[in-house]
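Residue-level structural notes
Listed below are the residues making up each chain.
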Amino acid sequence: MTNHWVDIKNANLVLIMGGNAAEAHPCGFKWVTEAKAHNNAKLVVVDPRFNRSAAVADYYAPIRTGTDIAFLGGLINYLLANDKIQHEYVKHYTNAAFLVNENYTFAEGLFSGYDAEHRKYDKSTWSYAMQPDGYAAVDETLQNPRCVFNLMKQHYARYTPEVVSNICGTPKEQFLKVCGMIAETSAPDKTMTIMYALGWTQHTVGSQMIRTAAMVQLLLGNVGMAGGGVNALRGHSNIQGLTDLGLLTNQLPGYLTVPGEKETVYEEYLAQRSLKPTRPGQMSYWQNYPKFFVSLMKAWYGKAATKENNFCYDWLPKLDKMHDVLQVFEDMHQGKMNGYFCQGFNPLASFPNKAKIGGALAKLKYLVVIDPLATETSEFWQNFGEYNDVDPAQIQTEVFRLPATCFAEEDGALVNSSRWLQWHWKGAEPPGDAKGDAEIMAGLYLRLRDFYRKEGGAFPDPILNLTWDYAILDRPSPEELAKEYNGRALADIPDPKDPTKMLLKAGQQLDGFAQIQDDGSTACGCWLFAGAWTEKGNMMARRDNADPSGLGETLGWAFAWPANRRILYNRASCDPAGKPWDPKRAIVHWNGSKWTGFDVPDFKPDSAPDQGMEPFIMQPEGVARLFALDMMAEGPFPEHYEPFETPIGTNPLHPKVVSNPAARVFKDDLAQFGTAKEFPYAGTTYRLTEHFHFWTKHAVINSVLQPQQFVEVGEELAKEKGIQDGALVKVRSKRGYIKAVAVVTKRIKPLMVNGKKVHTVGVPLHWGFKGVAKNGYLANTLTPFVGDANTQTPEYKSFLVDIEKA
Amino acid sequence: MALQSLDIERRSATTTPSPSVREPMKVAKLIDISKCIGCKACQAACMEWNDVRDSIGICEGVYDNPMDLSADSWTVMRFSEVEPEPGKLEWLIRKDGCMHCADPGCLKACPSPGAIVQYANGIVDFHEGNCIGCGYCITGCPFNVPRLSKKDNKAYKCTLCSDRVAVGMEPACIKSCPTGALLFGSKDDMTRHAEKRITDLKARGFENAGLYDPKGVGGTHVMYVLQHADKPQLYHGLPKDPQISPLVSLWKGMAKPIMGIGLGLVALAGFFHYVTAGPNEANETEEDEKEEQ
Ligand code: SF4
Ligand code: SF4
């Protein structure tokens, strides 16, 4: 989240789109209730189904799954055409005025630089026009036809209400009604918050859906404002922490990045990531990258990491490509992997195309499952009748199951959607021989290290030199790990302002990331978490909910990264002179000598407004990007592309480029995509309040509340197919079928799309063949093996199915 | 909320006068249907606190589950898809359970002394130790709430967490509700809060929003805020004007504690349609035996 859960209460309008907060985040949803009760806020829900959020909304509009960019692009067009933008904000705080490279083009669904053979773009033209002085060229009058503002206007002029309605199936009046409600929040004293979740991320154009939402919020001046922002509702505890700590193949802790295979030169690696400002007077905060990187390497390799050996840069793996889960299972399926460690993950249930996942696991020599539950993955080789019809005699994979504790059985911090690191204490002892994940990993590491010590091996240095100074070697405590992430001084750090004083003495915990050094005198396991465990103790365990502003800025409650800041980009909540746009939402301001307020200012504390530093300090140009430069795989402006399995078989905007041209598709999977001819209905998977993923089917009460697998079918389609409420149906995709009880409902209506009636079949995903609920099919039997072009998050939300009575 | 005395105001089939030295405030639960998202946290909390577990059933083509109230499910969510105006879909989700009537038909119909009591704070509670399993409370209830257990043939229903309320806590469902759809407090406070909610709902276009506190049963200690108070039937058949069957009043007039039971049963057999699983008769010997055990 740019903002945080409590802040939702400050909104005038809550848009839930690409998520279903009441269903999947019922506890957080309470802040929507607060906004309605105390701020007279309106709630708008846009979703393929009239869902639990819609049940309490002021306005609901239907949309075909996978078409949110068309909807939001149409909204941008509406805001520009009706002059409903926050002009001052857009002019000063976005790159609207920046001129774009003269060779940048967009035509027939493709941006300049497309390489069809590799399904990739050469992104060199997705850049600013540069001045001779090395800075980006701007036209503050916004008159130049090549400025971002005009290119954006031109790009979205195609998204007329008629075009939107034709693609999304949203009736035109309903689309316009939503636009009208949202447009009101362009006033400086009105804000909209956007709550989204997997309904946006799980598409082949998922990242761009979220970007379009961010563009809308920038045009309305709602970013950095209390009650505004673009707010990702993280589903899985601790998925926010997972991303923060870089547990993705191309990431290091704190959103530092793994070097690519060509980046063999340390200085070049750093230079690429510590970009100089591209406008005068800007901060370009990532210039501090070397400090964070060096201190990370000091945390990992201690004394072994020296200036002379580039702080062990050569020990880091160099990436040939992303090894995301789809890539890994593709490799496994091709027989290129021997073993797989599966920690807190249930891929057989969670990843798309169950047949492929099961087939891949069967090619392994060994599989290690570290989990509190007996997952489907750990028994993929067992025959469970129609739910998992395999022949164990044909599967040679050896499976080891290591029982782990669950979150309630351990101390530690979880990072919630609000970016708060909240310490928690164990509520119960783990059963039997279950061990904490850290203990299991430590046990594995120590044994591996012994092997390397005894037998040498190909490249022992990174293993043998890893810092491992925990009090109990095979049981690093949560406290020790937390302190390591926070970081500490390795030598006395002098105060740059007064060399007679010390900032920190050797051995002291850092107060925050401002103290991190690039010379090896500090160690820090995750620069974003610096400040979480200081010399004052565990900041994550704080529980002071004092709220002096009444806006929910409880700085004494837990610790929020970065720097205990609650609302990101909060400098943008003030006008260029440093005065809050809305006095009721004053979270920070310039007091004449420094930035101060109820939140921790997201800005250089002593940079006076007249010095011209802009609020988006992480960007080299200091402003937010309506035009994304080369940061996205499929283009600097989001464009509507159809799901890979599209019910209309074309893209009404550009029939030659139907789906995301930059999405990676593996050859075998291409053959496994269905067409609307065979599979005429739009399928989509989702969660129910009664259950959490594939866990709670192991719990009695959840299973009482929602015992058996079902699918949702609209009344009209049910009638057509002779499907009775409560009857068993078979839902088929190109990849397999499931059988489930039909819930026939008024809440799913067919939509008119491109002259065709499109029905939606809803597939909740919580069932499987382990647990106490009624056994069922894994819903991901149906879903396609293709992901978002940037993140590779699979397209669980949009695919094609057929349905019949079972 | 302050500690609540459990002074008894009324007791089934009993004429002993009630204590009247203390006058505890009347309590009420307010269920704001316009805020309910049907998450069933209240159902889960009810099972947890009261230590009952219904069986793992099947899906019958709706979100509701368990499908009905039972001796192990004292509250269930009822989901209704309605179109009060053509094309304007609403998903109304009503938390069903005992309404804690000020004038409780169950208590009036109950022939067994002290099986049903009404506390001075308004809560209607079943004391299963005294229940003879005749099932008359079910017939007496205008909301079809009590259920006989297959295990012990005694009637069960929501207690409004009288055990929690007695020590100054809110009922378990109230504590669990994430959206504030459930509130608990004095009946006066709840009524006042409901007025504000109704004003808000009217401003949002629900012209007929109102409070459900039906007079036919003397008002209730569980009240609903309805978006369509003119049509309570939309909410999974919530009765528009619930009344205690006149036959219950008749029976009450006839009943004399203990000694009247045999006579009463004969008279009632013709009136009530309910057929229970076990024998309806209770006699003093049986009662005595139980006490000795
Ligand atoms: S709702 Fe039924 S069971 Fe509850 S108090 Fe009223 S009559 Fe008795
Ligand atoms: S807990 Fe509250 S929101 Fe959830 S179902 Fe019960 S009353 Fe409704």
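Looking only at helices and strands, chain A features 22 helices and 33 strands. Compactness check: chain A gives a C-alpha radius of gyration of 26 Å against a globular reference of 28 Å for 806 residues, within 12% of the reference. With respect to the three principal axes, the spread of C-alpha positions in chain A is 85 × 70 × 55 Å. Considering only contacts within chain A whose residues lie at least 6 apart along the sequence, 70% involve residues at least 24 apart. As presented, chain A carries roughly 30900 Å² of accessible surface, and 54% of it is formed by carbon and sulfur atoms. Separation between the mean location of the 83 positive side-chain charges and that of the 89 negative ones in chain A comes to 3 Å.

Near ligand 1 you find Cys-98, Met-99, His-100, Cys-101, Gly-105, Cys-106, Val-124, Cys-141, Pro-142, Phe-143, Pro-146 and Lys-157 of chain B, and these make up its full shell. By residue class, the composition of the shell around ligand 1 is nine nonpolar, two polar and one charged.

The subject of this paragraph is the interface of chain B and chain A. Taken together, the 35 residues of chain B in the interface contact 44 residues of chain A. Three residues stand out in chain B for area buried against chain A, namely Ile-56, Tyr-63 and Arg-204 of chain B, and they jointly supply 24% of the buried area on that side. Here chain B is connected to chain A by four salt bridges. Across the pair Glu-83 of chain B and Lys-749 of chain A runs a salt bridge, and its minimum N-O distance is 3.4 Å. In the side of chain B that touches chain A, the residues fall into 16 nonpolar, eight polar and eleven charged.

Bringing the packing of aromatic side chains into the picture now. All names here are of chain A. Summed over the entire model, instances satisfying the criterion amount to 59 aromatic pairs over all chains. Where Tyr-266 meets Tyr-313, the ring centres are 5.3 Å apart and the plane angle is 50°; that geometry is what we call tilted. Taken together, the residues span a long stretch of sequence, with Tyr-266 in helix H12 (residues 266-273) and Tyr-313 in the loop between helix H13 (289-301) and helix H14 (325-333) at a distance of 47 residues. The class for Tyr-266 is buried, based on a relative accessible area of 7%. When its relative accessible area of 0% is taken as the criterion, Tyr-313 is described as buried. Arranged with centres 5.3 Å apart and planes meeting at 75°, the rings of Phe-329 and Tyr-340 form a pair that is edge-to-face.

All names here are of chain A. As paired elements, strand S15 (residues 412-415) and strand S16 (residues 420-424) share four bridges and run antiparallel to each other. Of the residues in S16, the one forming a bridge with Leu-414 is Gln-422. What sits between the antiparallel neighbours S15 and S16 is a turn of four residues, in which Arg-419 has the positive phi angle 70°.

Right, let's get into the pattern of salt bridges. Going through the model one piece at a time under the given rule, you end up with 52 salt bridges over all chains. Here Glu-376 of chain A and Lys-697 of chain A are joined by a salt bridge, their closest N and O atoms 2.6 Å apart. Remark: Lys-697 of chain A occurs in the loop between strand S26 (681-686) and helix H21 (700-705) and Glu-376 of chain A occurs in the loop between strand S13 (366-371) and strand S14 (398-403); sequence separation between them is 321 residues. Judged by relative accessible area, Lys-697 of chain A falls into the buried class, the value being 1%. The closest approach of N and O atoms between Arg-94 of chain B and Asp-96 of chain B, which form a salt bridge, is 3.2 Å. On the basis of relative accessibility, which here comes to 5%, the residue Arg-94 of chain B falls in the buried class. Sharing partners across several salt bridges, the network here consists of Lys-36 and Asp-58 of chain A together with Asp-32, Arg-197, Asp-200 and Arg-204 of chain B.

This paragraph deals with the domain arrangement of chain A. All names here are of chain A. Domains assigned within chain A are domain 1 (325-465) and domain 2 (667-805). Measuring from the centre of the C-alpha atoms in domain 1 to the corresponding centre in domain 2 gives 27 Å. Domain 1 puts 24 residues into the contact, and the matching count from domain 2 is 25 residues. The largest per-residue losses of area from domain 1 upon contact with domain 2 belong to Leu-326, Glu-376 and Tyr-387, which jointly make up 29% of the total buried on that side. One can count four salt bridges joining domain 1 with domain 2.

Analysis parameters
- Residues numbered from 1 in each chain as written.
- Chains lettered and ligands numbered in written order.
- Predicted model: local features only at pLDDT ≥ 70, side-chain atom pairs only at ≥ 80, totals over all residues.
- Heavy atoms only, no water.
- Helix = DSSP H or I, 4+ residues; strand = E, 2+ residues; numbered from the N terminus.
- Rg over C-alpha atoms; globule rule 2.2 N^0.38 Å.
- Contact = heavy atoms within 4.5 Å.
- Areas by Shrake-Rupley, 256 points an atom, 1.4 Å probe, with all protein chains shown as cover.
- Lys, Arg positive; Asp, Glu negative; His and termini not counted.
- Charge placed at Lys NZ, Arg CZ, Asp CG, Glu CD.
- Near = heavy atom within 4 Å.
- Nonpolar A, V, L, I, M, F, W, Y, C, P; charged D, E, K, R; others polar.
- Buried area = accessible area lost by both parts, 1.4 Å probe.
- Salt bridge = Lys/Arg side-chain N within 4 Å of Asp/Glu carboxyl O.
- Phe/Tyr/Trp six-rings, centres within 6.5 Å; stacked < 30°, edge-to-face > 60°.
- Buried < 20%, exposed > 50% of the residue type's maximum accessible area, 1.4 Å probe, protein only.
- Pairing = 2+ DSSP bridges.
- Domains from an automatic or database assignment.

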